[in-house]
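Remarks on the overall topology
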Amino acid sequence: MNTNQLINETSPYLLQHAHNPVDWNPWGEEAFAKAERENKLVIVSIGYSACHWCHVMEHQSFEDSAAAALMNEHFISIKVDREERPDVDQVYMTAVQLMTGHGGWPLNVITLPDGRPIWGGTYFPKDGWMQSLQSIVEVYHDDPEKVLEYAEKLTEGVVQSELVSPNETPGDYSKEEVDLLFKNWSKNFDKKEGGSSGAPKFPMPVGYEFLLEYASLTGNEEAMQQLNLTLRKMAFGGIYDQVGGGFSRYSVDDEWKVPHFEKMLYDNGQLVSLYSRAYQKTKSPLYKNIVTQTIEWLERDMLGPDGEFYSALDADSEGEEGKYYVWPEVELKEIIGDRDWEDFTNYFDLKKGKWEGRIVLMRKDDSENNDSAKVKAWEQKLLKVRENRVPPGLDDKSLTSWNALMITGLVDAYKAFGDSHYLDLAKKNGEWLLKNQVRKDGSLFHSYKKGKSSIDGLIEDYTFAIQGFLDLYEATFDVKYLDEANVWMKYAKANFEDEGTGLFFTRSKNAKQLIAKSMEVHDNVIPAANSVMAHNLFHLYHLTGNESYLAQSEKMLAQMDKVRLITYPESFSNWARLLLNFKYPFYEVAIVGNEADEKYMEWQKQFVPNVLIQGSWKESDLPLLENRFVKGSTMIYVCENRVCQLPVEEVSKALDLLLK
C-alpha cells in the first residue's frame, strides 16, 4: 500500500489521501523548500472531506498510477483541507477566479516554487488533468520567462483583489437609501420558490436575517413574505432531511429539491438561529419543529464527547452521492404499511421527489405541520431503517469558528423556546472552547481533533468566538463571557487590525505571510469575518461604553463602497444589517434585580430587533447597570445612547417604551 506525508495529519480530508500513489505533502514551508531545491512547479490541490467532486477526482486521477507518476516526476504536490486553511483557500480561489471567472472545489492550482500561481481550475477528469499538466511542464521548460511574467501579473491581481483601500469619507446613508437597497435586492427574489432566482440554490442565512430585521423595523410586507416563503420552501424541500433533521449545503435545482447531500455545521448553526428568530416573530409551529429536529440531529450525529461539534457529514456513502438519504418507493411502502400509505403520500410529495429512480422526501405545500404523532411515528420508523445503512463519512475535526456559530444558534434557540437544554449545550461548547482552543496568551487555535488542538487561529475564529460569547453573556448575565469576548477583541485588534481601514486581515500580522494578504469583506453563505467583527465592536461599545469600539465599527462600515452596497446588497447583507443598527433607533435594555432571568425570558416571547439586553441580579459596575439595583424589585431600564427613561417593572411597559 502507498503511503505519503499526509499519514501524519489529523484532518480527515488529508487522511483520505494518505495512501494515494501521489507523493502528497501537507501545506508548509518544507514542501515549498523542496520545490525550490528541485526546481519543480507546485500543485496545490484544495478540497474538504464532504466534497463529492473532490472524491471523484481523487478516484479518477489521484488514485491512478499514470496520473500519479506524472505528478510525482514533474511537481511537488500539496494537499490542503480548505476548512483547516481557509486563508490558503481564499488566496488561491481568488487567483482561479481571476484566471477563469469562476471557482469551486476541488480547487487545483499550479504555482511557481515560491507559491505564486500560474494556472488553475476546479474539477478535471483524468485525461484533461494529465494533458493540462503536460502542457504546463512544456511551457515552463520552453519559456520560463513568460511564465514568470504571468505569475507576477496574476499575483499582483490577487494582492489588489484581496485588500481594501482606505476610505475616509463616512458612509452617510438615508433611510430612503436603505429602502433602495431592499428594492434592488428584491429584483432577484424567487417569488415562487423563495431564496434567489435560479439554480443552484444555497441557503443564505445572513441575508434572510436582514429580511427579518428590515421587515420588523419598517413594516415592509414584501420582505416578510419573501422570508416566510423561503423558510417554508426550504423546510418542505429535499434540502432539509425530512427524516433525521438538518440541512444539506445546497440544492442543485431551483426548487430546493435535490440537495448536494453534504451537511455542514456552519449552515446548520446559522439556520438554527434563523428559524428560532423567525419563530419569535411568527410563532410558526413549522419553524419550531425545524429547530427541534435539527438540534436532535446535531446531538445524535455531530456532538463530540466534550461538548464540541464535528464539522461535516459527507455527501457520499458506499461511493455514491446521497445513497444514505434517498428511498426506493417500494421500500417506503413496506416500512409505512398499507394502512398509512395514503396519508403518507398526502403528506410527502413522492411524485415531485422522484430522482434517478428513487425518492428524495419532500413535503407537499398543503401538508400539515409535522408535529402530529403519526408523522413522528413515520419519521422514527424511517430513521431506524436508515441507521442500518452504511452512513456517510464524518469529518470529526472541530473548528473554533464553526463551533462558535453553533453557540449562537443554540442561544437563539434557548431564547425562542425557553428550553434550558439548548443553553446547557451552548455553555458546554463554550467551556470546551475555553479549555482546548485558548492559549495562555489569549490567542486561539483554529482546529481540534481527539484532544489535539492545532493551527493558529484566523480572524474568523476570533470573530465568531466573540459573537458567541457575547450571546452567552446576554443569555446568562455571566460577566466571564463578556470578559473573554473583550480579551479576544483586544488580541484581534493588536494582531489582525489594519489601522488604515479599521478592517482585519484574515491572518495574524505576525504569521508567515502567503503570496497576498487578504481581508474578508463579502458576505456569503457565511458572513464575512469583517462584517461580523463590525457588529461585535458595535455591541461591545454598548456593553462596555468603549467609544473607540463604536468609532471603529462606523469606520469599517464606511470602507464598504456605498454604491456597491446599495446595488449588490446580497454580497453585503451583514453590513446591511449593521446599517439598520445605525439608521434606526438602537436600544440598550438593562434588567436588574432578583427576577432578571424571568423578565429576560418574558422579553424573548417576541422578536424585537435593534435591542441589546444586559442584566444582573445585584449591583454591577458595568456602565449600563451601575447604580440601577433596587433591593426587593426587578427594574427594567430602556435606554438609547445611554440616555435612559424612567424604569418600569413590567416587560409589557418596557416594550411600550420602545415605540415612543
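In this text, all values refer to a predicted model and were calculated from it rather than measured experimentally.

For the rest of this paragraph, the subject is the pairing of strand β20 (residues 635-640). Counting buried residues along β20, 5 of its 6 residues qualify, which places the element largely inside the surrounding structure. The pairing of strand β18 (residues 587-592) with β20 spans 6 bridges and is classified as antiparallel. Following the sheet pairing, Val592 is matched in β20 by Met635. With 2 bridges connecting them, β20 and strand β21 (residues 643-644) associate as antiparallel partners. When the bridges of β21 are listed, Cys639 appears paired with Cys644. Where β20 folds back on β21, the antiparallel hairpin that results is connected by 2 residues, among which Asn641 adopts a positive phi of roughly 50°.

Let's shift gears to the pairing of strand β16 (residues 445-449). In terms of burial, β16 is largely enclosed, as 5 of its 5 residues are buried. Pairing of strand β15 (residues 398-399) with β16 involves 2 bridges; the strand directions are antiparallel. Note that in β16 the partner of Ser398 across the bridge is Tyr448. Strand direction decides the pairing type here: β16 and strand β17 (residues 452-456), joined by 4 bridges, are antiparallel. Within β17, the residue paired with Ser447 across the bridge is Ser454.

Right, let's get into the sheet that holds strand β3 (residues 75-81). Read across the open sheet, the 5 strands follow the order β1-β3-β2-β4-β5; overall the sheet is mixed. Single-partner strands in this sheet number two, and they are β1 (24-26) and β5 (117-121). Sheet twist, expressed as the average angle between the axes of neighbouring strands with direction ignored, equals 25°. Inspection of the sheet shows β1 paired to β3 by 3 bridges, in the parallel sense. Paired with Pro26 across the strands is Lys79, a residue of β3.

With that out of the way, let us pick up the layout of surface pockets. To find leftover empty space, one rolls a probe the size of a water molecule over the atoms. For the second largest pocket, the calculated volume is near 590 Å³. Together, 29 residues line the second largest pocket, and Trp27, Arg85, Arg507, Lys512 and Leu514 are the ones closest to its centre. Of all elements in the fold, only α2 (29-38), α5 (86-100), β17 and α19 (479-496) reach the threshold of two or more residues within the lining of the second largest pocket. For the lining of the second largest pocket, the leading source of residues is α5, giving 4 residues. Of the residues contributing to the lining of the second largest pocket, the split by class is 14 nonpolar, 7 polar and 8 charged.

Overall, the coordinates contain 36 aromatic pairs when judged by the stated rule. Ring geometry for Phe182 against Tyr214: centres 5.0 Å apart, planes inclined by 25°, an arrangement best described as stacked. Of this pair, Phe182 sits in helix α8 (residues 175-186) while Tyr214 sits in helix α9 (residues 205-218); the two residues are 32 residues apart in sequence, bridging distant segments of the chain. Since its relative accessible area comes to 3%, Phe182 is described here as buried. With a centroid separation of 4.8 Å and an interplanar angle of 70°, the aromatic rings of Phe469 and Trp488 are classed as edge-to-face. Placement of Phe469 in helix α18 (residues 459-476) and of Trp488 in helix α19 is noted, with a sequence separation of 19 residues between them. Of the aromatic side chains, those joined through ring pairs into one cluster are Trp24, Phe62, Trp119, Phe124 and Trp129. The residue whose ring lies beneath Lys562 is Tyr173, and the NZ or CZ to ring-centre distance is 5.2 Å.

In this section: the nonpolar core. In this structure, Phe210, Tyr275, Met533, Trp575 and Trp603 are the most contacted members of the largest nonpolar core, which totals 177 residues. Among the elements that make up this core, the one with the highest residue count is helix α16 (residues 400-417) (11 residues). Residues in contact with Met533, not counting those within four places in the same chain, are Ile459, Tyr462, Thr463, Ile466, Met489, Ala492, Phe504 and Met556. If you look at the next biggest cluster of nonpolar residues, it comprises 21 residues, including Val42, Ile46, Ile515 and Ala516.

Two packed helices can be described by the angle between their axes and the distance between those axes. At a minimum axis separation of 8 Å, α9 and helix α10 (residues 221-236) run at an interaxial angle of 140°. Between α9 and α10, the interaxial angle falls into the category oblique. For the crossing formed where α9 meets α10, the hand is left-handed. Only Ala223, Met224, Gln226, Leu227, Thr230 and Met234 of α10 make contact with α9, whose side of the interface consists of Tyr208, Leu211, Leu212, Tyr214 and Ala215.

Another point: the sheet that holds strand β8 (residues 263-264). Strand order in the open sheet made by the 3 strands is β8-β9-β14, with antiparallel pairing throughout. Pairing within the sheet leaves two strands with one partner each, and these edge strands are β8 and β14 (394-395). The pairing of β8 with strand β9 (residues 312-313) spans 2 bridges and is antiparallel. Paired with Met264 across the strands is Ala312, a residue of β9.

A few words on the pattern of salt bridges. Using the criterion set out here, one finds 36 salt bridges in the structure. Of the charged contacts, one joins Glu209 and Arg277 as a salt bridge, the two residues approaching to 2.2 Å between their closest N and O atoms. Taken together, the residues span a long stretch of sequence, with Glu209 in helix α9 and Arg277 in helix α11 (residues 265-282) at a distance of 68 residues. On the basis of relative accessibility, which here comes to 8%, the residue Glu209 falls in the buried class.

Counted at 1.5 Å a residue, the expected span for helix α7 (residues 144-162) with its 19 residues is 27 Å, and the 27 Å between its end C-alpha atoms agrees. The complete set of buried residues in α7 reads Val147, Ala151, Leu154, Thr155, Val158 and Glu162. One face of α7 carries all of its buried residues, which in axial projection span an arc of 105°. Within α7, the exposed residues directed more than 90 degrees away from the buried face are Glu145, Lys146, Lys153 and Gln160. Each element contacted by the buried residues of α7 is listed here: α5, β5 and α6 (126-142).

Summarising the element assignment, Asp314 is placed in the loop between β9 and β10 (316-317). Among buried charged residues, Asp314 stands out as having no salt bridge; its nearest opposite-charge side chain is Arg249, 10 Å away. Within polar-contact distance, the side chain of Asp314 engages the side chain of His55 at 2.8 Å. One polar contact links the side chain of Asp314 to the main-chain amide nitrogen of Asp316, over a distance of 3.1 Å.

About the criteria used
Residues numbered from 1 in each chain as written. Predicted model: local features only at pLDDT ≥ 70, side-chain atom pairs only at ≥ 80, totals over all residues. Heavy atoms only, no water. Buried < 20%, exposed > 50% of the residue type's maximum accessible area, 1.4 Å probe, protein only. Helix = DSSP H or I, 4+ residues; strand = E, 2+ residues; numbered from the N terminus. Pairing = 2+ DSSP bridges. Axes fitted to C-alpha atoms, helices over the stretch in contact; angles between N-to-C directions. 1 Å grid on protein atoms, 1.4 Å probe; cavity = no way out; pocket = protein on both sides within 12 Å on 5 of 7 lines; lining within 4 Å. Points joined across faces, edges and corners; volume = space filled by probe spheres on them. Nonpolar A, V, L, I, M, F, W, Y, C, P; charged D, E, K, R; others polar. Phe/Tyr/Trp six-rings, centres within 6.5 Å; stacked < 30°, edge-to-face > 60°. Lys NZ or Arg CZ within 6 Å of the ring centre and 35° of its normal. Core = buried A, V, L, I, M, F, W, Y, C linked by side-chain atoms within 4.5 Å. Contact = heavy atoms within 4.5 Å. Parallel < 35°, antiparallel > 145°, perpendicular 65-115°, else oblique. Left-handed = near helix turned anticlockwise from the far one by under 90°. Salt bridge = Lys/Arg side-chain N within 4 Å of Asp/Glu carboxyl O. Expected span 1.5 Å × (residues − 1). Arc of directions from axis to C-beta. Lys, Arg positive; Asp, Glu negative; His and termini not counted. Polar contact = N/O pair within 3.5 Å; in protein donor to acceptor, adjacent residues only side chain to side chain.

Structural measurements only, silent on function.
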